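Structure assessment
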Amino acid sequence: MGKRITMFIAMILTAVTLAHAQDIAVKGVIRDQQNQTLPGASVLVKGTQSGTVTDVDGNYSISVPNEQAVLVISFIGYGTQEVTVGNRTQIDITLGADMKTLNEVVVIGYGTQKRGDVTTSIASVNTKDIEERPILQAAQALQGKAAGVQVTQPSGKPGSALSIRVRGATSVQAGNEPLYVVDGVPTMDTRDLNVNDIESIQVLKDASSAAIYGARASNGVVIVTTKRGKANQSQVNFSAYYGVSNMAKKIEVLNPQQYVDLMNEMGHNISVGSQTTDWNKEVFTTGHNQNYQLSFSGGTDKNKYFVSGAITQDKGIIQPASYRRYSFRMNLDNQIKSWFKLTTNLSYSNAKIRDVKDNNNAGRNAVVLGALGAPPTMGVYSQDSIRGTIFSTNPLKAGWDNPLAAMFGPTQAAKDNRIFGNVAGDFTIAKGLVYRSNFGIDFMNHANDYYLDPYRTTEGWGANGSTHGLGNATRSNSFTYLWENTLNYEKKWEKHEFSALAGTTVQKNNWNNSYMAGRDFPSDGVVKTMNAANEITDAYTEQSEWFLNSYLGRLMYNFDSKYLITANFRADGSSKLAKGNQWGFFPSVSAGWRISAEPFMEDVKFITDLKLRGGWGQNGNQEGLANYASYGLNTYTRRTPTTPPSGPAVTPPTYAPNPDLRWETTTQTNIGVDLSMFQGRMTFTADAYLKKTNDLLLNVPLPNTSGYSYMPRNSGKLENKGLEFVLSTINFDKSDFQWTTDFNIAFNRNKITELQLSKVYRYADVEGRSDQIIILQEGASLGTFYGYIADGVNPETGDMIYRDVNGDGTFSPSDRTILGSAQPKFTYGMNNNLTYKSFSLSFLFQGSQGNKAFNASRLETEGMYDSKNQSTEVLRRWQKAGDITDIPRATDGNVNNSLISSRFVENASFLRMKSATISYALSKNFAEKIKLSRATVYLTAQNLFTITKYKGFDPEVNAFTSSGATLGIDYGTYPVSRAFVAGLNVTF
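Every value quoted in this text rests on a predicted model; they were computed, and no experiment measured them. (Residues numbered from 1 in each chain as written. Predicted model: local features only at pLDDT ≥ 70, side-chain atom pairs only at ≥ 80, totals over all residues. Heavy atoms only, no water.)

Overview of the environment of K931
Threshold: Strands here are runs of E lasting at least two residues and helices are runs of H or I lasting at least four, both read from the DSSP assignment and numbered beginning at the N terminus.
Mapped onto the elements, K931 comes out in the loop between α10 (924-929) and β51 (934-948). Between the alpha carbons of K931 and T987 there is a distance of 9.3 Å; along the sequence they are 56 residues apart.

Here's the deal with the pairing of strand β4 (residues 59-64)
Rule in force here: The cut-offs for exposure are 20% and 50% of the maximum accessible area for each residue type, with area from a 1.4 Å probe on protein chains only; residues under the lower value are buried, those over the upper are exposed, and the others partly exposed. Two strands pair if DSSP finds at least two bridges between them.
Every second residue of β4 is oriented toward a common face, the buried set being Y60, I62 and V64 and the non-buried set N59, S61 and S63. By the bridge criterion, 6 bridges tie strand β1 (residues 24-32) to β4 in an arrangement that is antiparallel. Within β4, the residue paired with I24 across the bridge is V64.

Re empty space enclosed by the protein
Operational definition: With a 1 Å grid spanning the protein atoms alone, the term cavity applies to any set of points in which a 1.4 Å probe fits but cannot get out, the term pocket to an open set with protein on both sides within 12 Å along at least five of seven lines, and the term lining residue to any residue with an atom within 4 Å of a point. Grid points are joined across faces, edges and corners, and a volume is the space filled by probe spheres set on the points.
Applying the stated criterion across every chain, the model contains 10 cavities of 30 Å³ or more. Estimates place the volume of the largest cavity at around 370 Å³. Lining the largest cavity we find 28 residues, and of these L136, Q140, Q153, G156 and D314 sit closest to its centre. Looking at the lining of the largest cavity, the elements that each hand over two or more residues are β17 (235-247), β19 (303-315), β20 (322-337), β51 and β53 (977-987). In this structure, the second largest cavity spans a volume of roughly 150 Å³. For the second largest cavity, the lining is made up of 16 residues, of which D192, L193, R329, S347 and F420 are closest to its centre. Contributing elements (two or more residues each) for the lining of the second largest cavity: β20, β21 (340-354) and β24 (410-430).

Thoughts on the pattern of salt bridges
Close approach of charged atoms lets side chains of opposite charge pair. Selection criterion: When a carboxyl oxygen of Asp or Glu is within 4 Å of a side-chain nitrogen of Lys or Arg, the pair counts as a salt bridge.
On inspection of all chains with the given rule, the structure shows 42 salt bridges. The partner of R877 in a salt bridge is E265, and the shortest N-O contact between them spans 2.9 Å. Taken together, the positions of R877 in the loop between α9 (857-861) and β49 (905-907) and E265 in helix α4 (residues 256-265) put the pair 612 residues apart, joining distant regions of the chain. R570 is the partner of D572 in a salt bridge, and the nearest nitrogen-oxygen pair spans 3.0 Å. There is no split in this pair, since D572 and R570 are both buried. Through salt bridges that share partners, K114, D117, R594 and D609 make up one connected network.

Topic: the sheet that holds strand β48 (residues 852-855)
Taken together, 3 strands build an open sheet; the order of strands is β49-β48-β52 and the sheet is mixed. Edge positions in the open sheet fall to β49 and β52 (969-970), since each of these has one partner strand only. The sheet contact formed by β48 and β49 spans 3 bridges and is antiparallel. Counterpart to A853 in the pairing with β49 is E906.

Comments concerning the side chain of N658
The cut-off we apply is this: Pairs of residues are marked as contacts when any of their non-hydrogen atoms sit within 4.5 Å.
Position of N658 among the secondary structure elements: in the loop between β33 (649-651) and β34 (664-677). Of the residues examined, N658 reaches a relative accessible area of 7% and is grouped as buried. Every residue in contact with N658, bar those within four places of it in the chain, is listed here: S630, M711, P712 and R713.

Brief notes about the packing of aromatic side chains
Test applied: Two aromatic rings, drawn from Phe, Tyr or Trp (for Trp, its six-membered ring), form a pair once their centres lie within 6.5 Å of each other, and the interplanar angle then sorts them: stacked below 30 degrees, edge-to-face above 60, tilted otherwise. Charge over a ring is defined by NZ of Lys or CZ of Arg lying within 6 Å of the ring centre and within 35 degrees of the ring normal.
Evaluated as defined, the whole model comprises 29 aromatic pairs. Relative to F521, the ring of Y451 has its centre 5.1 Å away and its plane inclined at 85°; by these criteria the two rings are edge-to-face. With Y451 in strand β25 (residues 433-452) and F521 in the loop between β27 (496-519) and β28 (535-559), this pair connects stretches of sequence that are 70 residues apart. The same class applies to Y451 and to F521, which are both buried. Residues F843 and F845 carry aromatic rings whose centres are separated by 5.9 Å and whose planes lie at 80° to one another, so their mutual orientation is edge-to-face. Ring pairs connect the aromatic residues W339, F340, F427 and Y435, which therefore count as one cluster. Above the ring of W546, the side-chain terminus of K576 is found at 5.5 Å from the ring centroid. Above the face of the F910 ring, R912 is positioned so that its terminal group lies 5.2 Å from the ring centre.

Structure, rendered in structure tokens:
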């Protein structure tokens with residue numbers, strides 16, 4: 001037996017020896033085109049796990065199984081090479097620079113361009129992580145990813161729009177949101193776009209890149225391109241995620257005994273009764289979000305397709321706020337003839353939004369401040385001898401329902417059906433000459449129904465039951481069509497490249513709306529629609545339209561990709577302005593110089609590419625203009641019919657018509673540099689810009705004797721100037737481990753440089769306060785807070801001390817002054833991606849520094865002037881002479897201690913971990929065994945933590961969004977939540 005074992009071991013050793021004897025030892029040196037050795041280059045035997053890396057001198061040594069073996073040599077920033085070993089044992093390799101980044105095609109207005117030839121400021125956003133994050137809107141993909149593009153989430157309410165500022169705000173009243181162009185069709189709202197359908201996002205930041213969109217481009221342009229099928233690559237993709245969300249931060253309020261102590265100190269004689277409620281627990285709950293998507297793509301060289309369908313749902317942390325969307329997309333590419341290509345993009349979405357009331361105080365039945373201000377000494381429900389079970393009300397303040405009445409008293413939902421897309425035909429007339437005709441539509445059907453319970457809420461019941469239920473219904477339709485015809489010519493010869501674009505576009509919108517309100521509904525509460533209302537209290541219809549006619553052109557020339565120049569021109573005519581001012585003209589020019597291509601740079605080995613660029617251009621802003629902005633519109637009011645009929649009463653316009661109303665025009669100059677080093681391992685971009693907006697649109701107040709309250713007028717100038725820096729690095733690139741980092745930072749200074757006629761404008765009313773929070777004046781920025789300076793609490797009286805700013809020895813409204821600005825000094829973002837074998841980790845940080853916020857919520861939670869509950873901050877309140885504190889005394893019915901002042905202006909700088917994702921991809925071999933091309937599972941945390949000194953729920957919130965001047969005000973705004981998501985992505 002022992003001899004047999006010995007013989008068996010000998011046979012195994014012999015076989016191993018023979019196997020190794022067949023291996024071939026190969027060695028060599030890896031160099032670049034400048035004959036510099038490359039340490040850390042990867043050398044793999046193709047089709048195996050066998051591999052090595054070069055040493056500090058670029059040397060490698062590897063064993064291959066036979067002469068047919070193929071070596072795969074790669075190094076970051078260089079093109080990969082494959083070589084067959086043959087009968088060689090010494091194989092030296094020279095790797096050439098990988099020009100994929102420079103040759104990458106980016107989408108620009110009405111065309112594409114190689115990234116290396118771009119002469120303007122364009123930010124390309126990596127959308128690879130979209131499918132591993134619970135993103136509902138395209139704008140969320142931009143957060144923290146692009147320098148100079150500030151994306152904020154003013155409200156955490158499901159379905160609420162995000163706010164985007166590209167290089168600062170350029171307007172007060174004409175809108176500050178960028179123009180979106182989705183597959184060639186312009187729009188101002190992308191909330192219905194399924195983000196998993198997005199292939200790429202480009203942000204045109206400067207005027208020279210955006211001027212091709214003329215009168216709609218002052219605030220930048222976001223170009224969104226959706227996915228398309230690829231020839232001979234049929235795929236079925238399925239993705240799903242499910243997550244939960246909760247409050248990222250809690251504001252503590254007084255418990256029942258502490259509340260009773262405060263009320264008794266204010267003169268109320270109450271005690272803790274049998275019913276108590278923790279309203280934070282009742283109002284703020286766990287939210288749920290989920291998404292399921294199935295897509296099909298593929299085709300042939302002549303016919304390609306991409307079809308997708310998705311279901312998305314987001315239930316908020318305050319019930320019943322929710323957002324639900326069904327979406328469908330079909331993208332087709334058909335090469336009908338060798339000279340004719342037909343492209344179709346069509347999407348349909350059905351969205352439903354349930355709202356809850358926020359951005360107001362408890363007295364107005366708003367939910368957030370209602371939760372903080374509801375007395376903890378009352379229950380959720382109470383009994384009424386006539387009405388039965390009702391939502392309990394504040395026992396010290398008649399008519400103040402508890403927050404659950406605002407949540408569950410109404411039954412309401414907004415429903416949107418949207419069809420969006422285009423059909424484009426490309427006709428090749430001659431070599432390099434293509435004519436394109438593009439027809440697009442954007443149709444939106446909107447319905448909103450509201451019904452307020454006749455019994456359970458104070459408002460629904462009315463005085464002595466006079467209301468008996470409230471309801472209203474809104475129906476609107478918006479139809480926009482676009483028709484563009486362009487001619488594009490491209491010519492290449494020797495080292496020259498030239499292209500020319502000319503075209504015309506027309507776009508028209510028709511909108512109609514009907515509204516009906518009523519009361520006195522049936523007692524059974526079964527029928528909640530307007531046909532059940534016994535009394536119609538209001539009804540009206542509206543209709544409007546606008547038309548835009550444009551001519552555009554572009555010339556581009558480059559010599560050997562070394563000297564580059566681009567010129568754009570667009571003329572826009574708008575129906576929104578009166579005759580004589582309808583046309584605006586928007587030119588731009590930009591140039592680039594690839595310094596790295598010059599002979600004197602040949603010896604600078606560490607620089608792969610270096611380009612200097614500069615541009616100048618003008619853009620307009622028509623999006624915020626009302627459809628009949630330059631005309632005065634009459635109002636018709638119903639009156640008691642007469643015999644014979646006399647018609648409705650005609651009320652003249654409240655504002656003065658202004659036929660001289662013009663475009664807001666923004667002129668921008670940009671200088672930038674693009675640098676790539678160490679064969680692409682490090683790239684750096686820097687930009688400096690100056691934006692000046694002339695003819696700022698403002699509603700200028702008029703004297704009472706004029707008969708008008710104001711006139712819309714071009715009456716000011718605004719300036720933004722700033723610096724932007726982007727740094728991308730490949731920190732590690734080994735066979736098993738890769739790590740990349742993208743960092744961006746942007747500095748912007750915003751300032752009103754001129755105001756004509758009226759020198760001061762005031763914005764942002766807060767309920768119960770006579771003073772407004774925001775001031776607009778020369779030398780100040782948009783979002784400037786204005787009020788009194790609070791110098792602490794008088795230890796003898798317990799009252800706030802307000803500074804005598806003007807030095808006249810008295811305290812008066814003339815002592816108000818500037819208290820700070822919501823404009824940040826700089827914003828930044830950092831994204832890291834790490835991959836180890838099949839595991840990946842990515843995390844995104846987003847930050848803002850130097851911005852202030854006016855915490856108007858603290859007027860309610862620290863005011864101590866009525867019967868609302870307060871935050872635990874008031875436990876430090878002044879109670880007797882000699883107390884040293886920053887919280888004044890309680891004063892029932894007196895708001896003097898909580899005037900609009902520096903007391904409520906807070907540092908709103910923050911650093912937030914916006915997202916963190918860990919994922920695992922099944923090995924290719926295992927995936928193929930179970931008939932999959934790819935399979936990935938992941939866990940994502942959204943808004944994991946925020947480092948800030950701000951005392952409110954969230955430093956990003958903004959209660960008032962109607963004006964570009966009203967920034968950084970928190971007044972019981974629905975907070976942003978923290979989410980944890982698990983997901984799966986599978987490709988068949």
